[in-house]
Amino acid sequence: MIRKFDRNHRRILKFPAVHPCEGISPATLLESLITLSRDICDFRFKPFASQRKNARETLRQISILSIFFEEIREHVPNMSDSIILCLSELHITLQRIQFLLSDCARDGAKMLILMKSHSVATQFRSLIRTVATALDILPLDAIGISGEIKELVEMLWKQARKARMEVDAADESATKRVLLVLNQFENRFEPDPFMIRRVLGYLDIKTWGECHREIRFLEEEIRAGYSDGDEREVPLLSSLIGLLSYCRGVLFEDYDVEVINQSDGRGSNLEVLNCLNPEDFRCPISLELMTDPVTVATGQTYDRVSIQKWLKSGNFVCPKTGERLTSTELVPNTSLKKLIQQFCAEYGVSLAKSSKNNRDISRTILPGSPANAAAIKFLSEYLTLSLGYGTDRQKSKAAYEIRLLAKSNLFNRCCLIESGSIPPLLELLYSSDPTMQENAVSALLKLSKQPRGQKSIIENGGLNPILTVLKHGEKQESRQIAAATIFYLSSIHEQRKKIGENKDTIPSLLELIREGTPCSKKNAVVALFALLFYHRNRDRAITAGAVATLLGLLDSSDRAEVKTDTLAVLSRLADSFDGSVQIMQVSDSALPSILRLLYAIETRTGKEYCVSILHSLCLNCGADVVPILAKDASLMTALYSLVTEGTSHAGRKARSLIKILHRFCETRSFDQKRELRQEQGQFIDV
């Protein structure tokens, strides 16, 4: 039996060949060799951007082996153990040759294979010599093949033994050009576009989409390297990403959105938020849940991985306040760490996954190499100029490039913010071109995840144009992204206050909740949730009719996550007396609806929000609420279930609600007994 290796998880130029099972039948092994050699020969029809001569020579030799395997198929019964051993070694070698040819012809790996020309040529030479060794010890006379085939195999053995497999002169020349361009970037000189175009032409990278695929592949290799603990190639890979990002943004005039949709999945660039992570638990640098919070000299708290990367890059100012750090000492914030761990345990959030996300985003604080740093800075300046002075097509493309560059890279975001890209992006929000507006608001969303980006958007009067997109966006996707941008802008207390004071913010979010797509509604609900951390915004939301809108969303939505987020906002509104009164007055079915959701909603978090709302209603509107709850026979079972199985916070609310209901029942029983005694006394008097 020949076991299969999962090729989807194999890194480039890694050849984890699988040994044939011990005791495999000669017929099975030979059939597998024939299939394998045919698959390798099929590479004749695939293009090779580099290593053309080595690939061609390898394919020629494998085609001879394929003829040999076909010939000895009739002699399977006569095969000795030594023949089986030689064929097994050939099987392993052919697997590795197939991997190598696949890598050389791989879409998106053209630039990397070129830059590893010497290593790849060495691999070709080593594998062909291994074939020669296996043929050298193969007892051809014992197989009984024809003289013609025997001569062919002997000729193959001689050629394989002497095969040179060197780097092609054209590959060597192209590699030197790339190194020259990278050296120019390192020395902060903008390279000659003609030289870069020659390299791209040699590698047959002719379109924006092909260039983008090269970048995506290199980014995946960096992630895989960090995951494997092997960072040796990060400088080279980062340099190539910088070069190709520069090419994609500067040298290619057109861009292809369909390429992104196919590679990333349709709608993957549209951010969908949730209410789970309190903003106090998120690192101001990475905006991910902190796994190891530490406090710096200014008193601000960051995730250890993120702030260490920040300091290593030579930044000795506090990222959040901009103050110079008097000391680089990092003090563990153990209290906050315990709170985060408790939060993760209670709400089922994977701390390991959050830690991985932090490492993935935090490593991008540093550019990876001087060449990448310079290339991104040149590109940022070019894109900013295109936003301000280009044609409409150039402006839209520049916004889209920023959207891609800032998607998950902190260094890129910093460069784009420093280059002054935010003011012209804000101007594009007023565009009547739907694509241009969507690209601009998406780019701003990515930049709003940086503290300096948030500050720049607010200082440049960005709130009003973002609200304009939120209310009157040309596409529903743009309105959805605008709501997500409001969420990130609300992550700082002072900004949350300013955003809430704008009379259009909360009404616009409520309008999107009423009229938007499911994803738009979800983002608007979460943005509203973030604003409600400032207490006066709760009054503004209640006045704007948030309670009625949210109750309507509870009835109309069939998505559990939307219901959960909506209950989170209602829970926060119900904390105030006016909010509780509104819930009871807006609809007679509000209380029964919340009770039904307590029993029916699938998420534990949703059940806990229901209990929180009921608890607030009892405290603020007790006379109207408690008698109704006391009549519900199923309520106590649900409450006791949360006491034993829910979070500590939910357990406290549930226990308090049980006490309120018990007290009411005891009081009612006492009153009934007193009334009964009074009636009996009156009867005796009569």
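What you see is a predicted model, and the numbers here were worked out from it, not measured in a lab.

1. Quick look at the overall build of the protein chain
Per the secondary structure count, the protein chain includes 35 helices and three strands. Expressed as a percentage of its 686 residues, the buried residues of the protein chain come to 53%. Within the structure as shown, the protein chain displays about 31,200 Å² of accessible surface, and the carbon and sulfur contribution to it stands at 50%.

2. Describing the packing of aromatic side chains
Tallied over the full model, the rule gives six aromatic pairs. The interplanar angle of 50° and the centroid separation of 5.8 Å between the aromatic rings of F68 and F69 together place this pair among those described as tilted. Residue F68 is classed as buried on the basis of its relative accessible area of 1%. For F69, a relative accessible area of 0% puts it in the buried group. Relative to Y400, the ring of W208 lies with its centre 6.2 Å away and its plane at 50°, an arrangement referred to as tilted. In this pair, W208 sits in helix α10 (residues 208-228) while Y400 sits in helix α17 (residues 392-405), placing the two residues 192 residues apart along the sequence. The buried category is assigned to W208, whose relative accessible area is 3%. These aromatic residues form a ring-pair network of at least three members: F185, Y246 and F378. Sitting over the ring of W157, R161 keeps its end group 4.4 Å from the ring centre. A cation sits over an aromatic face here: R572 above F533, 4.4 Å from the ring centre.

3. Some details on the packing of α10 against helix α11 (residues 234-251)
Remark: α10 packs on α11, axes separated minimally by 9 Å, with the N-to-C direction vectors making an angle of 160°. As summarised for this structure, α10 and α11 are arranged roughly antiparallel, according to the angle between their axes. Crossing geometry of α10 relative to α11 is assigned as left-handed. Judged by residue contacts, W208, C211, H212, E214, I215, L218, E219, E221, I222 and Y226 of α10 engage V234, L237, S238, L240, I241, L244, S245, C247 and R248 from α11. Residue composition of the contact of α10 with α11, by class: twelve nonpolar, three polar and four charged.

4. Overview of the sheet that holds strand β1 (residues 293-295)
Reading across the sheet, the three strands line up as β2-β1-β3 and stay open at both edges, with antiparallel pairing between neighbours. Whereas interior strands pair on both sides, the edge strands pair on one side only; in this sheet they are β2 (301-303) and β3 (331-332). Note that β1 and β2 share three bridges and pair antiparallel. Of the residues in β2, the one forming a bridge with T295 is T301. Here helix α13 (residues 304-312) sits on the sheet and contacts β1, β2 and β3; the angle it forms with β2, its principal contact strand, is near 95°.

5. Observations concerning the nonpolar core
Grouped together as the largest cluster of nonpolar side chains are 193 residues, with contacts concentrated most on F68, F69 and L629. It is helix α3 (residues 81-104) that provides the largest number of residues to this core, a total of eleven residues. In this structure F69 touches L30, L33, I34, S37, L87, L90 and L94, once residues within four positions along its chain are discounted. L289, V294, I307 and L410 belong to the second-largest nonpolar core, a separate cluster that totals 18 residues.

6. Concerning a positive patch on the surface
There is a patch of like positive charges on the surface, built from R652, R655, K659 and R663. Within the fold, K659 resides in helix α35 (residues 648-685). Its relative accessible area of 55% is what places K659 among the exposed residues.

7. Re the environment of E511
Along the chain, E511 turns up in helix α25 (residues 505-515). The class for E511 is partly exposed, based on a relative accessible area of 25%. In contact with E511, not counting residues within four places along its chain, are K471, R479 and G516.

8. Concerning unusual backbone geometry
Look at L13: it is not a glycine, yet its phi comes out positive at around 60°. Summarising the element assignment, L13 is placed in the segment before α1 (26-41). One non-glycine residue with positive phi stands out, namely D204, at about 60°. Relative to the elements of secondary structure, D204 occurs in the loop between α9 (193-202) and α10.

9. A few points about the pattern of salt bridges
Oppositely charged side chains may form a pair once their charged atoms are brought near each other. Throughout the structure, instances matching the rule amount to 23 salt bridges. Between R452 and E418 there is a salt bridge whose closest N-O contact spans 3.2 Å. Of this pair, R452 sits in helix α21 (residues 451-459) while E418 sits in helix α18 (residues 410-418), and the two are 34 residues apart along the sequence. Looking at E418, the relative accessible area reads 56%, which means it is exposed. D565 is the partner of K522 in a salt bridge, and the nearest nitrogen-oxygen pair spans 2.4 Å.

10. A word on the confidence of the model for the protein chain
Residues of the protein chain with pLDDT of at least 70 account for 88%, and the chain-wide mean is 83. The lowest-confidence element of the protein chain is helix α15 (residues 351-362), averaging 52 in pLDDT; the highest-confidence one is helix α19 (residues 422-428), averaging 95. This stretch, residues 1-7, has a pLDDT under 50; its non-local contacts, to residues over four places away or in other chains, come to 17 contacts. The model gives residues 263-268 a pLDDT under 50, and that stretch makes eight contacts with residues more than four places away or in other chains.

11. Overview of the packing of helix α8 (residues 169-186) against α9
Where α8 meets α9, the axes come as close as 10 Å, and the angle between the chain directions of the two elements is 140°. By the angle between their axes, α8 is oblique relative to α9. Crossing of α8 over α9 shows left-handed handedness. Contacts from A170, D171, A174, R177, V178, L180 and V181 in α8 reach M195, I196, R198, V199 and Y202 in α9. Looking at the contact of α8 with α9 residue by residue, the classes come out as nine nonpolar, no polar and three charged.

12. Concerning the side chain of R413
The residue R413 is located in helix α18 in this model. Within polar-contact distance, the side chain of R413 engages the backbone oxygen of K407 at 3.1 Å.

13. What about the environment of K312?
Note on placement: K312 falls in helix α13. Taking the C-alpha atoms as reference points, K312 and I365, 53 residues apart in sequence, are found 9.3 Å from one another.

Here is what the cut-offs are and how they apply
- Residues numbered from 1 in each chain as written.
- Predicted model: local features only at pLDDT ≥ 70, side-chain atom pairs only at ≥ 80, totals over all residues.
- Heavy atoms only, no water.
- Helix = DSSP H or I, 4+ residues; strand = E, 2+ residues; numbered from the N terminus.
- Buried < 20%, exposed > 50% of the residue type's maximum accessible area, 1.4 Å probe, protein only.
- Areas by Shrake-Rupley, 256 points an atom, 1.4 Å probe, with all protein chains shown as cover.
- Phe/Tyr/Trp six-rings, centres within 6.5 Å; stacked < 30°, edge-to-face > 60°.
- Lys NZ or Arg CZ within 6 Å of the ring centre and 35° of its normal.
- Axes fitted to C-alpha atoms, helices over the stretch in contact; angles between N-to-C directions.
- Parallel < 35°, antiparallel > 145°, perpendicular 65-115°, else oblique.
- Left-handed = near helix turned anticlockwise from the far one by under 90°.
- Contact = heavy atoms within 4.5 Å.
- Nonpolar A, V, L, I, M, F, W, Y, C, P; charged D, E, K, R; others polar.
- Pairing = 2+ DSSP bridges.
- Core = buried A, V, L, I, M, F, W, Y, C linked by side-chain atoms within 4.5 Å.
- Patch = residues over 30% accessible without salt bridge, like charges linked within 9 Å, V, L, I, M, F, W, Y side chains within 5 Å.
- Salt bridge = Lys/Arg side-chain N within 4 Å of Asp/Glu carboxyl O.
- Lys, Arg positive; Asp, Glu negative; His and termini not counted.
- Charge placed at Lys NZ, Arg CZ, Asp CG, Glu CD.
- pLDDT = per-residue confidence, 0-100.
- Polar contact = N/O pair within 3.5 Å; in protein donor to acceptor, adjacent residues only side chain to side chain.

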